[in-house]
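# Chain and residue survey
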Amino acid sequence: MFDDIPGSLAQIRTRIEAAARAAGRDPAAVTLVAVSKTHPAEAVVAALAAGQTIFGENRVQEAAAKFPALRDAHPAMRLHIIGALQTNKARDAVRLADVIESLDRPKLAAALAEAMVKEGRRPDVLIQVNIGDEPQKAGISRAEAPDFIRACREEWSLPVTGLMCIPPAEGDPRPHFAELAALAARHGLATLSMGMSGDFEAAIAEGATHVRVGSAIFGHRA
Ligand SMILES: *Cc1c(COP(=O)(O)O)cnc(C)c1O
């Protein structure tokens, strides 16, 4: 964990602003999701003290252990679930999250729809697209994405607000970000969660509304 979380946060915010301006975009149109997975609650507290309110966790169990107590003390804080979600964790995710960014298959769509009825809570949902069609990666395939987006909204009546992707680790991510942006635009979806520590500036250039930055804020994960 970095010992200067406020300093690294300030640097990331400066880089986000510069990337937005360079792209002719309003810096306020880009939201920083601070990815605190594997880091202790103290790291989240340090970020909160530096004005960061939106956090991302990839595992529901870890979020459930870390966040409720913090949220009691900091009512403004918001939690995004960004990792692969098992259907048997759908209800916990709906109870905990403000945004679920990793909807990627019909079974999970059905589980989330049912969980939202049972919990009486409707966190925003993003559909994760496997934008590089990588076999090992989560996300709905590019070919299936249009039908899946329609089904999530029309059949399961989920509050889908946008798309999320993790581009291939190798090569230029920009064409993948551009493709996700085009797909979102075709479906009238305003939220684009793309860009991590290594590529958030490229994602902002292609229209990211949310960047998910972990190690550049909190340090390397164990
Ligand atoms: C861990 C993670 C991030 C943050 O990655 P960094 O490279 O540490 O910034 C972003 N998105 C998802 C889905 C993640 O799992």
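Keep in mind the model is a prediction, meaning the values are calculated, not measured.

Parameters and conventions
Residues numbered from 1 in each chain as written. Predicted model: local features only at pLDDT ≥ 70, side-chain atom pairs only at ≥ 80, totals over all residues. Heavy atoms only, no water. Helix = DSSP H or I, 4+ residues; strand = E, 2+ residues; numbered from the N terminus. Buried < 20%, exposed > 50% of the residue type's maximum accessible area, 1.4 Å probe, protein only. Pairing = 2+ DSSP bridges. Right-handed = clockwise from strand over helix to strand, strands pointing away. Near = heavy atom within 4 Å. 1 Å grid on protein atoms, 1.4 Å probe; cavity = no way out; pocket = protein on both sides within 12 Å on 5 of 7 lines; lining within 4 Å. Sits in = over half its atoms within 2 Å of the grid points. Nonpolar A, V, L, I, M, F, W, Y, C, P; charged D, E, K, R; others polar. Core = buried A, V, L, I, M, F, W, Y, C linked by side-chain atoms within 4.5 Å. Contact = heavy atoms within 4.5 Å. Lys, Arg positive; Asp, Glu negative; His and termini not counted. Salt bridge = Lys/Arg side-chain N within 4 Å of Asp/Glu carboxyl O. Polar contact = N/O pair within 3.5 Å; in protein donor to acceptor, adjacent residues only side chain to side chain. Arc of directions from axis to C-beta. Phe/Tyr/Trp six-rings, centres within 6.5 Å; stacked < 30°, edge-to-face > 60°.

## Overview of unusual backbone geometry
With a phi close to 45°, Asp133 is a non-glycine residue in the positive phi region. Checked against the element boundaries, Asp133 lands in the loop between strand 5 (124-130) and strand 6 (140-141). Using a relative accessible area of 39% as the deciding quantity, one classes Asp133 as partly exposed. Notably, Ser157 is not glycine yet its phi reads approximately 50°, a positive angle. Along the chain, the position of Ser157 falls in the loop between helix 6 (145-154) and strand 7 (160-165). Residue classification places Ser157 among the partly exposed residues on the basis of a relative accessible area of 42%.

## Section: the pairing of strand 2 (residues 54-57)
If a strand is regular, its side chains alternate between the two faces of the sheet. Of the two faces of strand 2, the one carrying Ile54 and Gly56 and the one carrying Phe55 and Glu57 are both buried. Inspection of the sheet shows strand 1 (residues 31-35) paired to strand 2 by two bridges, in the parallel sense. Its bridge partner being in strand 2, Ala34 is matched across the sheet by Phe55. Crossover connection from strand 1 via helix 2 (residues 41-49) to parallel strand 2: handedness right-handed. In this region the chain leaves strand 2, passes through helix 3 (residues 60-73) and returns to the parallel neighbour strand 3 (residues 78-81); the handedness of that crossover is right-handed.

## Describing the site of the ligand
Lining the immediate environment of the ligand, one finds Val35, Lys37, Ile82, Ile166, Met196, Ser197, Arg212, Val213, Gly214, Ser215 and Arg221. Its atoms largely coinciding with the cavity grid, the ligand occupies the largest pocket. Looking at the shell around the ligand, its residues break down into five nonpolar, three polar and three charged.

## Description of the nonpolar core
Here is a general trend for soluble globular proteins: nonpolar side chains tend to be buried in one another's company. If you look at the biggest cluster of nonpolar residues, it comprises 66 residues, and the most contacted ones within it are Leu103 and Ile127. Tallying contributions element by element places helix 5 (residues 106-119) first for this core, with seven residues. Every residue in contact with Leu103, bar those within four places of it in the chain, is listed here: Leu108, Ala109, Leu112, Val125, Leu126, Ile127, Gln128, Phe148, Cys152 and Leu158.

## Here we look at the side chain of Arg25
Inspection of the secondary structure assignment puts Arg25 in the loop between helix 1 (5-22) and strand 1. Put simply, Arg25 is tucked away with no salt bridge, and the nearest opposite charge, on Asp26, sits 8.7 Å away. Reaching out from Arg25, the side chain makes a polar contact with the backbone oxygen of Ile204 at a distance of 2.9 Å. Apart from the residues within four sequence positions on either side, Arg25 is in contact with Ala20, Val30, Ile204, Gly207, Ala208 and Thr209.

## Describing helix 6
Residues of helix 6 that are buried include every one of Ala145, Phe148, Ile149, Ala151 and Cys152, and no others. Buried residues of helix 6 fall within an arc of 165° about the axis and therefore sit on the same side. In helix 6, the exposed positions angled more than 90 degrees off the buried face are occupied by Asp147 and Glu154. Elements in contact with the buried residues of helix 6: strand 4 (99-103), helix 5, strand 5, strand 6, strand 7 and helix 7 (174-186).

## Thoughts on the packing of aromatic side chains
Ring pairs (aromatic) are described by centroid distance and by the angle formed between their planes. In the structure shown here, the tally under the stated rule is one aromatic pair. With a centroid separation of 6.2 Å and an interplanar angle of 55°, the aromatic rings of Phe55 and Phe67 are classed as tilted. Of this pair, Phe55 sits in strand 2 while Phe67 sits in helix 3; the two residues are twelve residues apart in sequence, bridging distant segments of the chain.

## Some words on the environment of Ala111
Mapped onto the fold, Ala111 is located in helix 5. Residues Ala111 and Arg91, spaced 20 residues apart in sequence, show a C-alpha to C-alpha distance of 7.8 Å. Look past the residues within four positions of Ala111 in its chain and what remains in contact with it is Thr87 and Ala90.

## Quick word on the pattern of salt bridges
Inspection of the entire model under this criterion finds 16 salt bridges. Two residues, Arg142 and Glu179, come together in a salt bridge whose shortest N-O distance is 2.8 Å. Here Arg142, found in the loop between strand 6 and helix 6, pairs with Glu179, found in helix 7; they are 37 residues apart in sequence, far enough to count as distant. Its relative accessible area of 36% is what places Arg142 among the partly exposed residues.

Functional significance is not addressed by these values, which are geometric in nature.
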